[in-house]
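Coordinate analysis (summary)
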Amino acid sequence: MKAYAVSGQGEQPAHIDIDPPEPEPGEVRVRVVAASVNGFDLAVAAGYMGGFFEHRYPVVLGREFAGVVDAVADDVSGIEVGDRVLGVVSKPFLREGAFAEYTTAYADGGLIVAPDVLSDAEAASLAHTGSAALAILSAIDEPEGKTMLIVGATGGVGTLLIQLAAAAGATVIATGRTTLGRELVIELGATHAVDYSDLTTAIREIAPDGVDVAVHLSGDASTFSSLVKNGGLFISPILYSPEMFGDAERVTFVPIAGYPSAEALSTLASLAGSGDLRVIIDRERAFDDIGQAFGEFGHETLGNIVIRIG
Ligand SMILES: NC(=O)c1ccc[n+]([C@@H]2O[C@H](COP(=O)([O-])OP(=O)(O)OC[C@H]3O[C@@H](n4cnc5c(N)ncnc54)[C@H](OP(=O)(O)O)[C@@H]3O)[C@@H](O)[C@H]2O)c1
C-alpha cells in the first residue's frame, strides 16, 4: 500500500510502498478515505517526538482519519467490516498512521461509527482535534460565566473549542489574524474576535482585570500569560511541563494531552451528528500533494487541511 512515512531517524517523510498492517488484538483495520493534518504530524516529521514515543520504522504519519472498516481482530465486537468510521491512531509507539491506504486503530477509544451527515473530510477532522478540545474544556472547573481567551482559535482545535466553550456558557475571546478568521470565530460562538498582533491592548479593553482562562493553541505563551488574572488558568496542549511555562506561581498552568477515549469520541460524534458541533474544513489536498499541505498548515488556514487518500 502507499503510505507517507519517515523511514529512519533524521529522514524526511516520503511516499513509500509497504504492506498493509494486520489488526492486532483489540484493533480494527480501516481503508482510509481521508485524513487531516495536525501539528503532531509535523512534529514527528521534524524528529521532535523522538524522546516521547518509541519509533518503529517506517513510521507512517497521520493521526485523524475517516474510512471504512476492512478487517477486525477476533476479539473485537460492536464494529463490523463495512462500517464507515472516524477515528484516531493513538498507540503508545509510532508505526501505523492515517496517511496510508490502510491503518489500524483501537476498537475501544480509537474509532467510532461516523454520523451520516458528516462528509469524509469532516469525519476525518474530529477525533484528534476534538479530543484535545474536550480535554481543554474539562480542565476548567465550571466554565459558565468565565472569560476565556483562545489564542490560535482559527485552527482545527480552536474552531471546535470555541463552540464547546460557548455552549458551556463561557465568554469566549478568540484570536484571528485575518478578517475572515475573525468573522468565523464570531459565527462559531465567540463573543469577541481579536487580532493577535496587539493582543495586550485588545484584551485590556475587553477584560481590564484580565481573563479567567487563557488557552494556548499557538504563539509564544510568555507574550500573553500576563493577560490571565491572578489565580486564573493557563491551559496549553503545546507546552507539556510547568518548567516550560514562566508564570506558574501566579496562575495555574495546565498541560493537555488530549488522548482519545470511547467517551470523548461518542460525545464528539453525537454533537457533530446532531449539527451542534461544526467541523471546519479549509481545503482538501490529494495524497500526492501532502508535502504541500504540511507547508500550508498553521498559516492562515481556517479549520483543517484534509488529505484525500482513497
Ligand atoms: N497535546 C495534544 O493532545 C494536542 C492535540 C491536538 C493539537 N495539539 C496542538 O495544539 C495546537 C493547535 O492545533 P490546531 O490543529 O488547532 O493548529 P492549527 O490548525 O495550526 O491552528 C492554529 C492557528 O493559530 C493561528 N496562529 C498562527 N500563528 C499564531 C500566533 N503567533 N499567535 C496566535 N495565533 C497564531 C493560525 O491562524 P491565523 O494566524 O490565521 O489566525 C492557525 O490557524 C498545535 O500546536 C497542535 O500541535 C495538541
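Residues numbered from 1 in each chain as written. Predicted model: local features only at pLDDT ≥ 70, side-chain atom pairs only at ≥ 80, totals over all residues.

1. Things to note about the site of the ligand
- Around the ligand, the surrounding shell holds 31 residues, and the nearest of these are Gly39, Gly152, Gly155, Ser218 and Gly219.
- Of all the secondary structure elements, the ones that give two or more residues to the shell around the ligand are α1 (39-45), α3 (127-138) and α4 (156-167).
- Taken together, the residues of the shell around the ligand sort by class into eleven nonpolar, 18 polar and two charged.
- Residue-level mapping places the shell around the ligand at the junction of two domains, with at least three residues from each of domain 1 (2-128 + 259-308) and domain 2 (140-255). (Near = placed C-beta within 6 Å. Helix = DSSP H or I, 4+ residues; strand = E, 2+ residues; numbered from the N terminus. Nonpolar A, V, L, I, M, F, W, Y, C, P; charged D, E, K, R; others polar. Domains from an automatic or database assignment.)

2. Notes on the nonpolar core
- Residues Ile150, Leu161 and Val215 are the most contacted members of the largest nonpolar core, which totals 102 residues.
- In terms of residues, this core owes the most to one element, α3, which gives seven residues.
- Both of domain 1 (2-128 + 259-308) and domain 2 (140-255) provide at least three residues apiece to this core.
- Apart from residues lying up to four places away in sequence, Val215 is in contact with Ile136, Met148, Leu149, Ile150, Val151, Leu161 and Ile235. (Core = buried A, V, L, I, M, F, W, Y, C linked by C-beta atoms within 7 Å. Buried ≥ 20, exposed ≤ 12 C-beta atoms within 10 Å, placed from the backbone. Contact = placed C-beta atoms within 7 Å.)

3. Notes on the environment of Gly158
- Within the secondary structure, Gly158 is located in helix α4.
- Separated by 135 residues in sequence, Gly158 and Pro23 have C-alpha atoms that sit 33 Å apart.
- In this structure Gly158 touches Ile150, Gly152, Ala153, Ala174 and Leu217, once residues within four positions along its chain are discounted.

4. Some remarks on the packing of α3 against helix α7 (residues 262-273)
- Running from N to C, α3 and α7 cross one another at 105°; their axes reach a closest spacing of 10 Å. If you check the angle between α3 and α7, you find them roughly perpendicular. Residues Ala127, Gly130, Ser131 and Leu134 of α3 form the contact with α7, whose participating residues are Ala264, Leu265, Thr267 and Leu268.
- A breakdown of the residues in the contact of α3 with α7 according to their chemical character gives five nonpolar, three polar and no charged. (Axes fitted to C-alpha atoms, helices over the stretch in contact; angles between N-to-C directions. Parallel < 35°, antiparallel > 145°, perpendicular 65-115°, else oblique.)

5. Side note on α3
- The first and last C-alpha atoms of α3 sit 16 Å apart over twelve residues, in line with the 16 Å expected at 1.5 Å per residue.
- Within α3, eleven of the twelve residues are buried, which leaves the element mostly enclosed by the surrounding structure.
- Listed in full, the buried residues belonging to α3 are Ala127, His128, Thr129, Gly130, Ser131, Ala132, Ala133, Leu134, Ala135, Ile136 and Leu137.
- Those residues of α3 that are buried lie in contact with β6 (64-72), β7 (84-88), α4, β14 (211-216), β15 (228-236) and α7. (Expected span 1.5 Å × (residues − 1).)

6. Quick look at the domain arrangement of the chain
- When cut into domains, the chain gives domain 1 (2-128 + 259-308) and domain 2 (140-255).
- One C-alpha centre belongs to domain 1, the other to domain 2; they are set 27 Å apart.
- Each side of the interface is counted separately: domain 1 has eleven residues, and domain 2 has twelve residues.

7. Description of the environment of Asp276
- Relative to the elements of secondary structure, Asp276 occurs in the loop between α7 and β17 (281-286).
- For the pair Asp276 and Arg308, spaced 32 residues apart in the sequence, the C-alpha separation amounts to 25 Å.

8. Describing α4
- Over its twelve residues, α4 extends 18 Å from the first C-alpha to the last, a length consistent with the 16 Å expected when each residue adds 1.5 Å.
- Within α4, ten of the twelve residues are buried, leaving the element largely enclosed by the surrounding structure.
- Of the residues making up α4, those classed as buried are Gly156, Val157, Gly158, Thr159, Leu160, Leu161, Ile162, Gln163, Leu164 and Ala165.
- A positive phi of about 95° marks Gly169, the residue just after α4.

9. As for the sheet that holds strand β16 (residues 252-255)
- Here we have six strands laid out as an open sheet, ordered β13-β12-β11-β14-β15-β16, and parallel in their pairing. Two strands close off the open sheet at either side, each with one partner strand: β13 (192-194) and β16. Direction aside, neighbouring strands of the sheet carry axes that sit 20° apart on average.
- Two elements, β15 and β16, share four bridges in a ladder whose sense is parallel. (Pairing = 2+ DSSP bridges.)

10. Points about the sheet that holds strand β2 (residues 14-17)
- Taken in spatial order, the three strands of this open sheet run β2-β1-β5, and their pairing is antiparallel. The strands lining the two open edges of the sheet, one partner per strand, are β2 and β5 (59-60).
- In terms of strand pairing, strand β1 (residues 2-6) meets β2 through four bridges, oriented antiparallel. Within the sheet, the bridge partner assigned to Tyr4 lies in β2 and is His15.

11. As for the pairing of strand β11 (residues 147-151)
- Among the five residues in β11, five count as buried, and that is most of the element.
- Here β11 shows two buried faces, one formed by Thr147, Leu149 and Val151 and the other by Met148 and Ile150.
- Relative to strand β12 (residues 171-175), β11 is paired through four bridges, and the arrangement is parallel. Paired with Thr147 across the strands is Thr171, a residue of β12.
- Between the parallel pair β11 and β12, the chain is carried across by α4, and the sense of this crossover is right-handed. (Right-handed = clockwise from strand over helix to strand, strands pointing away.)

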